Each structure stands twice: as structure tokens, then as C-alpha cells.
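# Survey of secondary and tertiary structure
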Amino acid sequence: MSNEGPVEVFARPRLTSPPPAVLDIVFVHGLGGDQFETWRSSEEESWLEWLATDFPTCRIFTVGYDSTKFASVLSGDGASIQDLALIMADVLASREERASH
């Protein structure tokens, strides 16, 4: 199952000195999806890692929420989708610039 909240995805192997980020890309799975598994083509291959590798000037995020308990949002259990959106907006707005090479 998905974790709640945003997670940054890094290239493999992880760059020791990534270039400054010029764009943030955020992936949000659908109902019944998973924060990481939705974006995998196999156990070893992830669309998220491919993008992080192919586009080093982009920061790649995946955001998870418990989509199987979507109805619980109405009862107040866990973070609501609105709460997660606000958290993600805060992460993006307050991001630190990457150090240049």
C-alpha cells in the first residue's frame, strides 16, 4: 500500500552533484493505485527513475494516499486528499535550490 505524502525520486545511480532543478514533476496514482507500484513496468524498472535519469534538471515526486480508504476522508480518518495537496504545494513552494556543480 501507498505511504501518504510526497517522496522525491532520484536517478539510479544517484547523481552526486545534480544540476539545478528547473521543473518539478509530480505523479499521483489513481484509485486502487500505489505510490510506487503504479509506475513500475517490472520489479527492476520504474518510470519515475527513468525520468529522473533522463531529465536531471527535473525533480520527480510521487505522492501517495490510501485510495482503498477514500471513503474514510469523509469520516476524518487519515489525511484528506486536500491535506496531501497542501503538503505537496508547500514542498514545491519551499524547495531549496540544488547546488550547482
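Residues numbered from 1 in each chain as written. Predicted model: local features only at pLDDT ≥ 70, side-chain atom pairs only at ≥ 80, totals over all residues. Heavy atoms only, no water.

### Some remarks on the overall build of the protein
For the protein, the helix and strand inventory stands at three helices and three strands. Listing each helix as α and each strand as β along the protein from the N terminus yields β-β-α-β-α-α. The contacts in the protein between residues at least 6 apart in sequence include a share of 83% that link residues at least 24 apart. About 6500 Å² of surface is accessible on the protein, with carbon and sulfur atoms providing 58% of the total. (Helix = DSSP H or I, 4+ residues; strand = E, 2+ residues; numbered from the N terminus. Contact = heavy atoms within 4.5 Å. Areas by Shrake-Rupley, 256 points an atom, 1.4 Å probe, with all protein chains shown as cover.)

### Focus on the pattern of salt bridges
Inspection of the entire model under this criterion finds three salt bridges. Notably, a salt bridge pairs Glu49 with Arg12, separated by 3.3 Å at the nearest N-O pair. Placement of Glu49 in helix H1 (residues 47-54) and of Arg12 in the loop between strand E1 (5-9) and strand E2 (23-28) is noted, with a sequence separation of 37 residues between them. With a shortest N-O distance of 3.5 Å, Arg40 and Glu37 are connected by a salt bridge. (Salt bridge = Lys/Arg side-chain N within 4 Å of Asp/Glu carboxyl O.)

### Some points on H1
Listed as buried for H1 are Leu48, Glu49 and Ala52. Looking down the long axis of H1, one finds its buried residues gathered within 95° of arc, a one-sided arrangement. Elements in contact with the buried residues of H1: E1, E2 and strand E3 (58-64). Backbone nitrogen of Leu48 and a side-chain oxygen of the N-cap are separated by 3.2 Å at the start of H1; the cap is Ser46. (Buried < 20%, exposed > 50% of the residue type's maximum accessible area, 1.4 Å probe, protein only. Arc of directions from axis to C-beta. Polar contact = N/O pair within 3.5 Å; in protein donor to acceptor, adjacent residues only side chain to side chain.)

### A look at the nonpolar core
Listed in full, the eight residues of the largest apolar core are Val9, Ala11, Phe27, Trp39, Leu48, Ala52, Cys58 and Ile60. Counting residues per element, the ones that place at least two in this core are H1 and E3. Excluding residues that lie within four positions of it along the chain, Phe27 makes contacts with Trp39, Leu48, Leu51, Ile60, Phe61, Thr62 and Val63. (Core = buried A, V, L, I, M, F, W, Y, C linked by side-chain atoms within 4.5 Å.)

### Considerations on the environment of Arg40
Tracing the backbone shows Arg40 in the loop between E2 and H1. Apart from the residues within four sequence positions on either side, Arg40 is in contact with Glu45, Ser46 and Trp47.

### Digging into the environment of Ala85
For Ala85, the position within the fold is in helix H3 (residues 81-93). Given the relative accessible area of 47%, Ala85 is considered partly exposed. Put simply, Ala85 and Pro6 are 79 residues apart on the chain and 9.3 Å apart in space, counted from C-alpha to C-alpha.

### Thoughts on the side chain of Thr62
Looking at where Thr62 falls in the secondary structure, it is placed in strand E3. Within the structure, the side chain of Thr62 is placed 2.6 Å from the backbone oxygen of Gln35, a separation counted as a polar contact. Among all residues touching Thr62, those that are not within four sequence positions of it are Gly5, Pro6, Val7, Val9, Phe27, Gln35, Phe36, Trp39 and Leu48.

### Side note on unusual backbone geometry
Here the bond from Arg12 into Pro13 is cis, since omega is -5°, no more than 30 degrees from zero. Relative to the assigned elements, Pro13 resides in the loop between E1 and E2.

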